[in-house]
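Read off the chains here:
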Amino acid sequence: MMQSEDARYLKRRVKAGNIDVHPSEKAIVVSYEVEATILGEMGDPMLGEKKECQKVIRLQSLNESTDIQTLASEVVTRCKLIPITKLPEVEQLLYYLQKRKETDKGKSGKGKNSSQGLQDPTPDFLSNAIIGDMEIPSINNIDDYVELLYEDVPSKIKASIMIFCLIKNSDNLEALLDHGTVMGALSRVLREDWRKSVELSTNIMYIFFCFSTYIQFHTVIAHYKIGALCMNISDHELKRLQSWKDDLRKKRTINILCFIDFVNISVKSVYKVLSHFLLNTF
């Protein structure tokens, strides 16, 4: 074990990483790595640790009239994690954010025609998904999310949440389709694992729902036979719900009968006691 008096110096190094846009907000996400090393008296490393971190730079003032070059220079100047050499990349990201369509509910994105009169039934727990300790979703990490779809159920759930957060921005829909394996992996997981986790199947069904709201993606949905699969899943869940209701009704009936028997026994006992008292008194 390392003695406290042996540790003389603490060396901390920050290494800048990738820069990307936030999937749903007007913000830039800066990835970086922090490496902390404890050095001994002679300067030799005794203990080290690395940690992947992210910093979100929110740009609430960004609008159609914003001067992109000026704003990019300000971002690079204020954020020490972004080297000056990445100024052109920051300008491109800001320009993309400036032109990106709003992702709020009720707004269509990038010329895609949604089905008329179709309302978004996404539940609050998924619309406002809290990623927690997970990293901020990025379209650049889609390969990593696809790999998670081939691991255990918790990893698949994480991947489904990440992908759902990405498609909340409609600009990412075509990118996911162009990837080639995302749709196939999602349909495979839904078909094979929907009985294992309600959360997993619900997440993936809502991912396909987002695609189904645009007419040009209907052929993809039909190709993977998602409609028939979702109907089978819904039918199974409705039957299971009815089974639960029937079981609950039976338990209530049994409880009521038991209560009635208890009341009858109690009344008979009281009657016996009262009769005995009357006979002995009079």
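Above: the structure in question.
Now for a quick tour of the structure. Remember, predicted model here, so these are calculated numbers, not experimental data. (Residues numbered from 1 in each chain as written. Predicted model: local features only at pLDDT ≥ 70, side-chain atom pairs only at ≥ 80, totals over all residues. Heavy atoms only, no water.)

## Some points on the overall build of the chain
Broken down by element type, the chain carries ten helices and three strands. The order of helices and strands in the chain, counted from the N terminus, is β-β-β-α-α-α-α-α-α-α-α-α-α. Relative to its 282 residues, the chain shows a buried fraction of 35%. Pairs at least 24 apart in sequence give 65% of the contacts found in the chain among residues at least 6 apart. Taken as a whole, the chain presents about 18,600 Å² of accessible surface, with 55% of it coming from carbon and sulfur. (Helix = DSSP H or I, 4+ residues; strand = E, 2+ residues; numbered from the N terminus. Buried < 20%, exposed > 50% of the residue type's maximum accessible area, 1.4 Å probe, protein only. Contact = heavy atoms within 4.5 Å. Areas by Shrake-Rupley, 256 points an atom, 1.4 Å probe, with all protein chains shown as cover.)

## Side note on the packing of aromatic side chains
Each aromatic ring pair is described using two quantities: the centre-to-centre distance and the angle formed by the ring planes. One pass over the structure, following the stated rule, counts two aromatic pairs. Both rings, one in Phe 211 and one in Phe 217, keep their centres 5.6 Å apart while their planes meet at 70 degrees; by these two values the pair is edge-to-face. The pair formed by Phe 211 and Phe 217 is uniform in burial state, with each residue classed as buried. Summarising the aromatic geometry, the rings of Tyr 214 and Phe 217 are spaced 6.0 Å apart at their centres and angled 80 degrees between planes, so their arrangement reads as edge-to-face. Each of the two residues, Tyr 214 as well as Phe 217, counts as buried. Through a chain of ring-to-ring contacts, three or more aromatic side chains come together here, namely Phe 211, Tyr 214 and Phe 217. Of note, Arg 188 hangs over the ring of Tyr 150, and the distance from its end group to the ring centre comes to 4.3 Å. (Phe/Tyr/Trp six-rings, centres within 6.5 Å; stacked < 30°, edge-to-face > 60°. Lys NZ or Arg CZ within 6 Å of the ring centre and 35° of its normal.)

## Quick look at unusual backbone geometry
One non-glycine residue, Lys 225, lies in positive phi territory at about 55 degrees. Within the secondary structure layout, Lys 225 lies in the loop between helix 9 (218-223) and helix 10 (226-281). For Lys 225, a relative accessible area of 60% puts it in the exposed group.

## What about a negative patch on the surface?
Residues Asp 143, Asp 144, Glu 147, Glu 151 and Asp 152 make up a contiguous surface patch of negative charge. Locating Glu 151 in the fold gives a position in the loop between helix 4 (142-148) and helix 5 (153-167). On the basis of relative accessibility, which here comes to 43%, the residue Glu 151 falls in the partly exposed class. (Patch = residues over 30% accessible without salt bridge, like charges linked within 9 Å, V, L, I, M, F, W, Y side chains within 5 Å. Salt bridge = Lys/Arg side-chain N within 4 Å of Asp/Glu carboxyl O. Lys, Arg positive; Asp, Glu negative; His and termini not counted. Charge placed at Lys NZ, Arg CZ, Asp CG, Glu CD.)

## Considering the environment of Leu 94
Position of Leu 94 relative to the elements: it lies in helix 2 (residues 87-99). On the accessibility criterion, Leu 94 (0% relative accessible area) is buried. Considered as a pair, Leu 94 and Gln 69 are 25 residues apart in the sequence and their alpha carbons are 8.9 Å apart. Excluding residues that lie within four positions of it along the chain, Leu 94 makes contacts with Ile 28, Leu 59, Leu 62, Ile 68, Leu 71 and Ala 72.

## A short note on the layout of surface pockets
The computed volume of the second largest pocket comes to approximately 360 Å³. Asn 18, Ser 31, Glu 52, Gln 54 and Asn 141 are, among the 19 residues lining the second largest pocket, the residues nearest its centre. Taken together, the elements giving at least two residues each to the lining of the second largest pocket come down to strand 1 (9-21), strand 2 (27-39) and strand 3 (45-58). For the lining of the second largest pocket, the leading source of residues is strand 1, giving six residues. When its residues are assigned to classes, the lining of the second largest pocket shows seven nonpolar, seven polar and five charged. (1 Å grid on protein atoms, 1.4 Å probe; cavity = no way out; pocket = protein on both sides within 12 Å on 5 of 7 lines; lining within 4 Å. Points joined across faces, edges and corners; volume = space filled by probe spheres on them. Nonpolar A, V, L, I, M, F, W, Y, C, P; charged D, E, K, R; others polar.)

## Observations concerning the pattern of salt bridges
Per the counting criterion, the structure on display carries six salt bridges. Arg 78 serves as the salt-bridge partner of Glu 74, at 3.2 Å between the closest nitrogen and oxygen. With Glu 74 and Arg 78 both in helix 1 (residues 68-78), this residue pair falls four residues apart, about one helical turn. Glu 74 gets classed as partly exposed once you look at its relative accessible area, which sits at 35%.

## Topic: the packing of helix 5 against helix 8 (residues 198-212)
For the pair helix 5 and helix 8, the least separation of the axes is 9 Å and the interaxial angle reads 25 degrees. When the interaxial angle is binned, helix 5 and helix 8 end up roughly parallel. Relative to helix 8, the crossing made by helix 5 is left-handed. Each of Lys 156, Ile 157, Ser 160, Ile 161, Ile 163, Phe 164 and Ile 167 in helix 5 lies in contact with helix 8, whose residues at this interface are Glu 199, Leu 200, Asn 203, Ile 204, Tyr 206, Ile 207, Cys 210 and Phe 211. In terms of residue class, the contact of helix 5 with helix 8 is built from eleven nonpolar, two polar and two charged. (Axes fitted to C-alpha atoms, helices over the stretch in contact; angles between N-to-C directions. Parallel < 35°, antiparallel > 145°, perpendicular 65-115°, else oblique. Left-handed = near helix turned anticlockwise from the far one by under 90°.)

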